[in-house]
Amino acid sequence: MSHSDHNSQNNYDWRAALETAVLGLEQVESAKVAALFEKNFYAGISAAEEKKALVGAATALIERHYDYSYLAARLLLTQLAEEILAAPATSENYRAGFSAYVKEGIEYQLLNPDFAAFDLVKIAAALKPERDQNFQYLGAQTIADRYLLKTPTKPRRVFELPQWMWMRIAMGLALKEERREERAIEFYEVMSQFFLVPSTPTLFNSGTTHSQLSSCYLNSVDDSLTGIFKAFSDVASLSKWAGGVGTDWTPVRALGSKIKGTNGDSQGIIPFVKIFNDIAVAVNQGGKRRGALAAYLEVWHADLEEFLELKKNTGDERRRAHDIHPAVWIPDLFMKRVLADGDWTLFSPNEVSGLHDLYGREFEKKYEEYEKANLESARKHKAKDLWKKILTMLYETGHPWITFKDPCNLRSPQDHVGVIHSSNLCTEITLNSAADEVAVCNLASLNLSKMIKDGKLNEELIRITVQTGMRMLDNVIDLNFYTIPETERANHRHRPVGMGLMGYHDALYQLGIDFASEENIRFADTSMEFIAYQAYSASADLARERGAYETYPGSKWSRGLLPLDTLEILEKERDLPLEIDKGSTRDWDSLRAKIKEQGMRNSNCLAIAPTATIANITGAIPCVEPIFKNIYSKENMSGSFLVVNKYLMDDLRALNLWTPETLNYLKHHDGSVANIPGLPEDLRRKYRETFEIAPEWIFKAAAARGKWIDQSASTNIFVSTTSGKYLSDLYLAI
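For the structure given in this document, a descriptive report is provided here.

About the criteria used
- Residues numbered from 1 in each chain as written.
- Predicted model: local features only at pLDDT ≥ 70, side-chain atom pairs only at ≥ 80, totals over all residues.
- Heavy atoms only, no water.
- Core = buried A, V, L, I, M, F, W, Y, C linked by side-chain atoms within 4.5 Å.
- Buried < 20%, exposed > 50% of the residue type's maximum accessible area, 1.4 Å probe, protein only.
- Helix = DSSP H or I, 4+ residues; strand = E, 2+ residues; numbered from the N terminus.
- Contact = heavy atoms within 4.5 Å.
- Expected span 1.5 Å × (residues − 1).
- Lys, Arg positive; Asp, Glu negative; His and termini not counted.
- Salt bridge = Lys/Arg side-chain N within 4 Å of Asp/Glu carboxyl O.
- Polar contact = N/O pair within 3.5 Å; in protein donor to acceptor, adjacent residues only side chain to side chain.
- 1 Å grid on protein atoms, 1.4 Å probe; cavity = no way out; pocket = protein on both sides within 12 Å on 5 of 7 lines; lining within 4 Å.
- Points joined across faces, edges and corners; volume = space filled by probe spheres on them.
- Axes fitted to C-alpha atoms, helices over the stretch in contact; angles between N-to-C directions.
- Parallel < 35°, antiparallel > 145°, perpendicular 65-115°, else oblique.
- Left-handed = near helix turned anticlockwise from the far one by under 90°.
- Patch = residues over 30% accessible without salt bridge, like charges linked within 9 Å, V, L, I, M, F, W, Y side chains within 5 Å.
- Areas by Shrake-Rupley, 256 points an atom, 1.4 Å probe, with all protein chains shown as cover.

## Some details on the nonpolar core
Among the nonpolar cores identified, the biggest contains 166 residues, and Leu 71, Phe 98, Trp 166 and Leu 448 are the most heavily contacted of them. Element by element, the count of residues in this core is highest for helix α23 (residues 518-546), at 13 residues. Discounting residues that sit within four places of it in the chain, Leu 448 has contacts with Leu 457, Leu 501, Met 502, Gly 503, Tyr 504, Ala 507, Phe 523 and Ile 531. Counting residues in hydrophobic clusters, the runner-up holds 61 residues, among them Ala 254, Ile 270, Tyr 370 and Tyr 731.

## Structural notes on helix α5 (residues 67-85)
Note on helix geometry: an α-helix contains 3.6 residues per turn, so any two residues three or four positions apart are oriented the same way. The end-to-end C-alpha distance of α5, which contains 19 residues, comes to 26 Å, matching closely the 27 Å that a straight helix rising 1.5 Å per residue would cover. Counting buried residues along α5, 15 of its 19 residues qualify, which places the element largely inside the surrounding structure. Positive backbone phi, approximately 55 degrees, marks Ala 86, located one or two places after α5.

## So, the side chain of Arg 180
Note on placement: Arg 180 falls in helix α11 (residues 180-192). In this structure, Arg 180 is buried with no salt-bridge partner, the nearest side chain bearing the opposite charge being Glu 181 at 4.2 Å. In terms of polar contacts, Arg 180 uses its side chain to reach the backbone carbonyl oxygen of Ala 117, at 3.3 Å. The contact partners of Arg 180, leaving out residues within four places of it in the chain, are Ala 117, Phe 118, Ala 174 and Leu 175.

## Let's talk about empty space enclosed by the protein
Per the stated rule, a full pass over the model turns up 5 cavities of 30 Å³ or more. Roughly 90 Å³ of volume is contained in the largest cavity. As for the largest cavity, its lining consists of Gln 414, Leu 431, Asn 432, Ala 439, Val 440, Ala 490, Asn 491, His 494, Pro 496, Ser 603 and Asn 604. Counting only elements with at least two residues in the lining of the largest cavity, the list comes to β11 (439-447) and α21 (485-494). For the lining of the largest cavity, the leading source of residues is α21, giving 3 residues.

## Observations concerning the packing of helix α13 (residues 225-240) against helix α14 (residues 270-282)
Relative to each other, α13 and α14 sit at 15 degrees, their axes nearing to 10 Å. On the basis of their axis angle, the class for α13 and α14 is roughly parallel. For α13 against α14, the interelement crossing comes out right-handed. Residue-level inspection shows Leu 225, Ile 228, Phe 229, Phe 232, Val 235 and Ala 236 of α13 in contact with α14, the latter providing Phe 272, Ile 275, Phe 276 and Ile 279.

## Re a nonpolar patch on the surface
A contiguous nonpolar patch, built from Leu 225, Phe 229 and Ile 275 and spanning about 280 Å² of accessible area, is present on the exposed surface. Here Ile 275 shows up in helix α14.

## Some points on the pattern of salt bridges
Following the criterion strictly, the structure yields 55 salt bridges and no others. Among the ionic pairs, Glu 177 bridges to Arg 546, the shortest N-O distance being 3.1 Å. Here Arg 546 lies in helix α23 and Glu 177 lies in the loop between α10 (162-173) and α11, a separation of 369 residues in the sequence. Classification of Arg 546 by relative accessible area gives partly exposed; the value is 24%.

The analysis is restricted to geometry; functional conclusions fall outside its scope.
So this is what it looks like as structure tokens:
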């Protein structure tokens, strides 16, 4: 049977599909794709296998040029469109099918029935089907596997197309807007062009019948059996709908402490953290991805040493928790004791009332009082020994994550209404939690890779995108599906959001700036300053339109204190200078006056999250970190895909150095360009990977951004060392 004969039987013209998909992709040689495809062609091949083989032929050539990644994405998404539309994937058919998609989604009880009241003709006319061509293969495969809506009945099939997905999310976020069609189109424009992308829960659930859109939750566990099991129930409910949870376990009494009701001895936190771990496994975010739970403990808790061993691969498995993320919550006093080679006392929290809710000098004063009180649970250790154990476990298991209590609280805009007891899974959220409030944060990330024009920041595009993004995030709070009342109370009282960044290293490549350079530190500083200025200004504008958040009076905002001003507060509390440039380039006095007049709509506005998955969707380098590898195989639910640094490829092609020999060299050296023959020194510096860049540069850039941020930033440290001293020195230098 010839290829053409077979095509006439299964109605898939692969040659036509290939020739259409390669249009505009100058570096693709369709003959090479065809040759690879034909190697996998056999008599009797099904149409489905034929389509898969054509995509596979394109992905196999990605190492030649990244255009093949765009080709594979186009083929995949065109095939999907033709299956869903049951017609050629033209722009007209794509738009015409939108109303039927909405109707089908409502009938499946997946889409919000209020969608039927939108002007769907107007909405469909605003769709830009050609933007499907902006996906690279990893992004296309990721949304096809995990984000596009599937029918609830088996066999489950995708019935949503990428531009329908962006519009579904946009419509979901515009449901309560007065001019909802116009706002939905505005939101669609920023998302579909990859200017700004909300976090995964929003992508999953916006516009659905259960619109749980928030990313992160922070709660504390009460020291009672009722409180502990309520926390389990709360965490399971939050995790079910794709929320990540950071749980503060510090209030729970330690091993051996007396239980008044039974006159028995407490088993401490470890058995309960084990159950917490099992919840992460059992409640796997609605069957879409693993549960994401973090357990936080202050370093004065008497169960600290066992807590540090939760991730060990040896010992009693009943006292291990391999599926959660332990983190230590460290006050400045502990680090002072480490530096002074002093003692550190561990306590059971039931004997040190109030310590959990104190920070800074007040914490130090109370802690020292308890040290002198000869409490039954008190156990002295050398602070350096505990610090060494923390770092040893970090080196061996990647945990615990190290987070700092005092700066989070001292710089918090909300110091007047509570205490920050923990952060979240990725350590970028710093919000108050209490018995009647589970902190909630709603995330989205600005894609800096799309914000460079003519060799500099496109400030007007950033301004428009941030303004739209802040409105989208504020809408989340009123549209959100709340699984427990404590989250609704916290979110409506304080209205915190967290706009972050991704594609930062992409921007550096476009600007010709080395990551390991002072120029990078300056860019980190000035770019974050501008983004922060626009975010705070946008929140003030929303306050003028919609009213300030409930607990605004008394906040740092209301007292004229912006994040830059809190550096002085931290310095005074520590009685130590911060080694950071406190200069600015924007008119912050005018913004202070604007906030004083209008208020703020959101208690918190900025938080830099890791963005791993949404960066994959957009083809950007995640978060604000340096590129992991210049060439590597990426694995997700769909399998393995080759990822190539397109900027490196372009530079090597310009020098006629993108050859099979260079490619083999890169593969052999795991992506490193350090010793490519003939490569200019400036390109060797430009294309250093994470483990080739000293972590001090990551710290410096994070600190430069941090002075503008009202929450925090997820910061990974990449070190290849066996030296505990080096690891310790890194943290002590922060």
